[in-house]
Amino acid sequence: TLTFNRDFFKRSITNMAELIEKERNYLTKLDSDIGDGDHGINLSIGFREVSNKLSEFDESAADIASLMKKVGMALLGKVGGASGPLYGSFFMKMGANVAGKDEVTFDEFVGMIENGVDAVQSRGKAEVGDKTMLDAFKPGIDFLKEEDYTGKEIEAFGQFIEKMKEGAESTVSLVAKKGRALRLGERSVGHKDPGSESSWMLMNAFYEEMSK
Ligand code: ADP
Ligand code: MG
Ligand code: MG
């Protein structure tokens, strides 16, 4: 059966840091349309810190859960915007049900993402339709939880990414109910929510690693 070891998580996190550098200006542009124009900058500050400290985190982490918790705490500590605590909680809670493990099954990995999404929801108190990152995360994880993916795990994870992308696309026509875009009201319609875009991109880093 398909399993993921600590190295998989380290490589995925490194991949995330690289892709955030690549997409920094694009994500910032999305945020300048309906927010305060710093989403890419915020994530870049956070993931540079994560990237610089990753070996240190790895050496002091007892298991995958603790490694992810350190990543989350670094994001929480470094990122000034709303996305810091939200992505910080995501990573900090990923390990909640896999304490003591240095390798997780695909099922457990799905559970880790589910815990992360739950953490985003309880921290941000957003609902689907509020034009936030949850509009990408929620339909994605709901699909994966329901899917009978035995024997086609990687393909299912690819579909999870597609659902997240569709969710991000769905934010274009929504009126913002949370975050800075809330102030724009109806004028937020016609623009994609930046966090919904960065969230599928981050999860796609896991997909790229498992597809290698
Ligand atoms: P800030 O808005 O504080 O400048 P960022 O620009 O880094 O922070 O992040 C903005 C993104 O955070 C939004 O695009 C949205 O997806 C997400 N966001 C904001 N508030 C919430 C919330 N309450 N719940 C979920 N996501 C949120
Ligand atoms: Mg912003
Ligand atoms: Mg800001």
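Being a predicted model, the structure only gives us computed values, none of them experimental.

Enquirer: Got a minute to help me understand unusual backbone geometry in this structure?
Expert: Trans peptide bonds make up most of the peptide bonds, and negative phi angles are found at most residues other than glycine. Backbone geometry places Lys125, a non-glycine residue, at a positive phi of 55°. Along the chain, the position of Lys125 falls in the loop between helix 5 (106-124) and helix 6 (134-146). A count of 11 C-beta atoms within 10 Å places Lys125 in the exposed class. With a phi angle near 65°, Lys131 is a residue other than glycine that sits in the positive phi range. In this fold, Lys131 is placed in the loop between helix 5 and helix 6.

Enquirer: Please clarify how the nonpolar core should be interpreted in this entry.
Expert: Of all hydrophobic cores here, the largest spans 53 residues; its most connected members are Val50, Met68, Val71, Phe91, Val120 and Phe137. Apart from the residues lying within four places of it in its own chain, the contact partners of Val120 are Leu86, Ser89, Phe90, Met133, Leu134 and Phe137.

Enquirer: Explain the site of ligand 1 to me, please; I cannot follow it from the model alone.
Expert: Taken together, 24 residues lie around ligand 1, and Gly81, Gly124, Thr132, Gly179 and Gly195 are the ones closest in. Breaking the shell around ligand 1 down by element, the ones donating at least two residues are helix 2 (39-60), helix 4 (83-94), helix 5 and helix 8 (194-211). The element that contributes the greatest number of residues to the shell around ligand 1 is helix 8, accounting for 3 residues. Across the shell around ligand 1, the residue classes break down as 7 nonpolar, 10 polar and 7 charged.

Enquirer: I would appreciate a short explanation of the packing of helix 5 against helix 6 in the present structure.
Expert: Describing two packed helices takes the angle between their axes plus the distance from one axis to the other. One way to put it is that helix 5 packs onto helix 6 with a least axis distance of 10 Å and a crossing angle of 145°. The interaxial crossing formed by helix 5 with helix 6 has left-handed handedness. Residues Val110, Ile113, Glu114, Val117, Val120 and Gln121 of helix 5 touch helix 6, and the partners they reach there are Leu134, Phe137, Lys138, Ile141, Leu144 and Lys145. Broken down by class, the residue content of the contact of helix 5 with helix 6 amounts to 8 nonpolar, 1 polar and 3 charged.

Enquirer: What is the right way to read the environment of His191 from this model?
Expert: For His191, the location among the structural elements is in the loop between helix 7 (153-170) and helix 8. Taking the C-alpha atoms as reference points, His191 and Glu169, 22 residues apart in sequence, are found 9.3 Å from one another. Non-local contacts of His191, meaning those with residues more than four positions away in its chain, are made with Asp33, Ile34 and Val172.

Enquirer: It is not clear to me how helix 5 should be interpreted in this structure. Could you clarify?
Expert: Because each turn of an α-helix spans 3.6 residues, side chains separated by three or four positions end up pointing in the same direction. Taking 1.5 Å as the rise per residue, helix 5 with 19 residues should run 27 Å; its terminal C-alpha atoms sit 27 Å apart, in good agreement. Looking only at helix 5, the buried set comprises Phe109, Val110, Met112, Ile113, Gly116, Val117, Ala119, Val120 and Gly124. Looking at the buried positions of helix 5, the neighbouring elements they touch are strand 1 (3-5), helix 4, strand 2 (103-105) and helix 6. Looking one or two residues past helix 5, Lys125 carries a phi angle of roughly 55°, positive in sign.

Enquirer: I keep staring at the confidence of the model for the protein and nothing clicks. Help me out?
Expert: Low pLDDT marks regions whose predicted coordinates should not be analysed in detail. Of the residues in the protein, 100% reach a pLDDT of 70 or more, and the chain-wide mean stands at 97. Scoring of the predicted complex yields 0.98 for pTM and 0.99 for ipTM.

Enquirer: Is there a simple way to explain the UniProt feature "domain: DhaL" (unreviewed entry) in the protein in this structure?
Expert: With numbering matched to this structure, UniProt assigns "domain: DhaL" (unreviewed entry) to residues 7-208. Along residues 7-208 the backbone is 70% helical and 1% strand, and the end-to-end C-alpha distance reaches 14 Å.

Enquirer: Please explain the packing of helix 1 (residues 6-34) against helix 8 as it appears in this structure.
Expert: At a minimum axis separation of 8 Å, helix 1 and helix 8 run at an interaxial angle of 150°. Comparing the axis directions of helix 1 and helix 8 gives the class roughly antiparallel. Pair helix 1 / helix 8 crosses with right-handed handedness. Seen from helix 1, the contacting residues are Phe8, Arg11, Ser12, Asn15, Met16, Leu19, Glu23, Leu27, Leu30 and Asp31; seen from helix 8, they are Pro194, Glu197, Ser198, Met201, Leu202, Ala205, Phe206, Glu208 and Glu209.

Criteria and thresholds
Residues numbered from 1 in each chain as written. Chains lettered and ligands numbered in written order. Predicted model: local features only at pLDDT ≥ 70, side-chain atom pairs only at ≥ 80, totals over all residues. Helix = DSSP H or I, 4+ residues; strand = E, 2+ residues; numbered from the N terminus. Buried ≥ 20, exposed ≤ 12 C-beta atoms within 10 Å, placed from the backbone. Core = buried A, V, L, I, M, F, W, Y, C linked by C-beta atoms within 7 Å. Contact = placed C-beta atoms within 7 Å. Near = placed C-beta within 6 Å. Nonpolar A, V, L, I, M, F, W, Y, C, P; charged D, E, K, R; others polar. Axes fitted to C-alpha atoms, helices over the stretch in contact; angles between N-to-C directions. Left-handed = near helix turned anticlockwise from the far one by under 90°. Expected span 1.5 Å × (residues − 1). pLDDT = per-residue confidence, 0-100. UniProt positions renumbered as here; feature names shortened; annotations may be inferred. Parallel < 35°, antiparallel > 145°, perpendicular 65-115°, else oblique.

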